[in-house]
Amino acid sequence: ASDLELPVYDLQLSRRYGDGALMYLLSEVGERSIVLIEDVDDVKAAREREGRDATDRSNGISTAQLLNAVDGVMSPEGVIFIYTTNHPDVLDAALTRAGRVDKRFDFTAPTDAMKEEMATRFGVSDPSVANGVASMADLQEAFIDQRRRWGGEGASARWPERRRGDRTGARY
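Residues numbered from 1 in each chain as written. Predicted model: local features only at pLDDT ≥ 70, side-chain atom pairs only at ≥ 80, totals over all residues. Heavy atoms only, no water.

Draft legend 1. Inspection of the overall build of the protein chain at higher detail. Secondary structure summary: the protein chain contains 7 helices and 4 strands in total. Reading the secondary structure of the protein chain in the N-to-C direction produces β-α-β-α-α-β-α-α-α-α-β. Going through the 172 residues of the protein chain one by one, you find that 31% of them count as buried. When the accessible area of the protein chain is evaluated, it comes to approximately 11,300 Å², of which 50% is carbon and sulfur surface. (Helix = DSSP H or I, 4+ residues; strand = E, 2+ residues; numbered from the N terminus. Buried < 20%, exposed > 50% of the residue type's maximum accessible area, 1.4 Å probe, protein only. Areas by Shrake-Rupley, 256 points an atom, 1.4 Å probe, with all protein chains shown as cover.)

Draft legend 2. Up close: the pairing of strand S2 (residues 33-38). Pairing geometry for strand S1 (residues 8-12) and S2, over 5 bridges, is parallel. Across the sheet, the residue bridging to Asp10 is Leu36, located in S2. Examined bridge by bridge, S2 and strand S3 (residues 79-83) share 5 bridges and lie parallel to one another. Within the sheet, the bridge partner assigned to Ser33 lies in S3 and is Val79. (Pairing = 2+ DSSP bridges.)

Draft legend 3. The arrangement of the pattern of salt bridges in detail. For the structure shown, the criterion picks out 5 salt bridges. The closest approach of N and O atoms between Asp71 and Arg97, which form a salt bridge, is 3.3 Å. Linking Asp71 in helix H3 (residues 63-71) with Arg97 in the loop between helix H4 (93-96) and helix H5 (112-121), this pair joins segments that are 26 residues apart in sequence. Note that Glu117 and Arg121 form a salt bridge whose closest N and O atoms lie 2.7 Å from each other. Within this pair, Glu117 and its partner Arg121 are both found in helix H5, separated by 4 residues, close to a single helical turn. The class of Glu117 is partly exposed, set by a relative accessible area of 39%. Taking relative accessible area as the criterion, Arg121 reaches 65% and is therefore assigned exposed. Salt bridges linked by common partners bring Asp71, Arg97 and Arg100 together as one network. (Salt bridge = Lys/Arg side-chain N within 4 Å of Asp/Glu carboxyl O.)

Draft legend 4. Spotlight on the environment of Ile37. Its location among the elements puts Ile37 in strand S2. Relative accessible area serves as the criterion here: at 0%, Ile37 is assigned to the buried category. Sequence spacing of Ile37 and Tyr9 is 28 residues, and the spatial spacing of their C-alpha atoms is 8.5 Å. Those residues in contact with Ile37, other than ones at most four positions away along the chain, are Leu11, Leu13, Leu66, Val70, Phe81, Ile82, Tyr83 and Thr84. (Contact = heavy atoms within 4.5 Å.)

Draft legend 5. Quick peek at a nonpolar patch on the surface. A cluster of nonpolar residues, Leu4, Ile80 and Ile82, forms a patch on the protein surface that exposes about 260 Å² of accessible area. Relative to the assigned elements, Leu4 resides in the segment before S1. Judged by its relative accessible area of 51%, Leu4 is exposed. (Patch = residues over 30% accessible without salt bridge, like charges linked within 9 Å, V, L, I, M, F, W, Y side chains within 5 Å.)

Draft legend 6. Summary view of the packing of H5 against helix H7 (residues 136-149). Look at H5 against H7: their axes get within 11 Å of each other, and the N-to-C directions meet at 5 degrees. In this view, H5 runs roughly parallel relative to H7, as classed from their interaxial angle. Packed against H5, whose contacting residues are Lys115, Met118 and Ala119, the element H7 presents Met136, Leu139 and Phe143 at the interface. Class assignment for the residues of the contact of H5 with H7 results in 5 nonpolar, no polar and 1 charged. (Axes fitted to C-alpha atoms, helices over the stretch in contact; angles between N-to-C directions. Parallel < 35°, antiparallel > 145°, perpendicular 65-115°, else oblique. Nonpolar A, V, L, I, M, F, W, Y, C, P; charged D, E, K, R; others polar.)

Draft legend 7. The nonpolar core, seen in detail. In terms of nonpolar packing, the biggest core is built from 19 residues, with Leu11, Leu13, Val35, Ile37, Val40 and Leu66 touching the most fellow members. Elements represented by at least two residues in this core include exactly S1, helix H1 (21-27), S2 and H3. Here this core takes 4 residues from H3, the largest share from any one element. Ala119, Ala134, Leu139 and Ala142 belong to the second largest nonpolar core, which has 6 residues in total. (Core = buried A, V, L, I, M, F, W, Y, C linked by side-chain atoms within 4.5 Å.)

Structure, rendered in structure tokens:
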């Protein structure tokens, strides 16, 4: 996103969106933007947990609502959607068909050399982490500590809410 100078918007599917709210949020996203939809499997998971059918919207959104929002007649143009999931096997085939998902990237657990490179890039100097043999949880904790040292607000920091005309990105 930074190389392309595009704003990134984080869409939380676990939130309770009423009819039209999701469409409204996406209408506020400008062209040449990236919308990150984390844990897209929550659309299906929320229904299965409660034993509900695909049209039930009482907890999160339905698959049909998501599809209409990202690929329907009123969907935004010039927007890149990025889905993340830890469970690609449970995704509805309609979400991942050709034309909706153009590229798929599988991220495996990083090697010790990869963890060492991440620690170096983010200035983590703790030898137990910087040598690459720490767990990912330890590495994440070191990143959060480093962020605090750099003056960040910590792991719970939120992006500022977007104001009309602002193209810096937001979290919904």
